[in-house]
Amino acid sequence: MSSETGRYPNVGEQSPDFTLPDLDGNPVSLSDYRGRKVILYVWASW
């Protein structure tokens, strides 16, 4: 959920920017890939 708008983005809307560490611990932002196709792979084990 986007903290700025308080709602989930709809299909076709721009995703809110976020930053996560890469495998080497360097920060990577979604905005670094603006204009490119991005696939997010989310894995969880409960």
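All values derive from a computational prediction rather than experimental measurement.

*Asks:* Could you give an account of the overall build of the protein chain, with specific residues and numbers?
*Replies:* Helices and strands together make up the secondary structure of the protein chain, namely zero helices and two strands. Here the protein chain, with 46 residues, has 4% of them falling under the buried criterion.

*Asks:* Can you lay out the environment of Q14 for me, pointing to particular residues and giving the numbers?
*Replies:* Looking at the element boundaries, Q14 is found in the segment before strand 1 (19–21). Of the residues examined, Q14 reaches a relative accessible area of 60% and is grouped as exposed. The residues touching Q14, leaving out its near neighbours within four places in the chain, are P9 and R34.

*Asks:* Pulling in residues and values, what's your account of a nonpolar patch on the surface?
*Replies:* A cluster of nonpolar side chains, namely F18, L20, Y33, V38, L40 and V42, defines an oily patch on the protein surface of about 580 Å² accessible area. With respect to the element layout, L40 can be found in the segment after strand 2 (27–29).

Parameters at a glance
Residues numbered from 1 in each chain as written. Predicted model: local features only at pLDDT ≥ 70, side-chain atom pairs only at ≥ 80, totals over all residues. Heavy atoms only, no water. Helix = DSSP H or I, 4+ residues; strand = E, 2+ residues; numbered from the N terminus. Buried < 20%, exposed > 50% of the residue type's maximum accessible area, 1.4 Å probe, protein only. Contact = heavy atoms within 4.5 Å. Patch = residues over 30% accessible without salt bridge, like charges linked within 9 Å, V, L, I, M, F, W, Y side chains within 5 Å. Areas by Shrake-Rupley, 256 points an atom, 1.4 Å probe, with all protein chains shown as cover. Salt bridge = Lys/Arg side-chain N within 4 Å of Asp/Glu carboxyl O.

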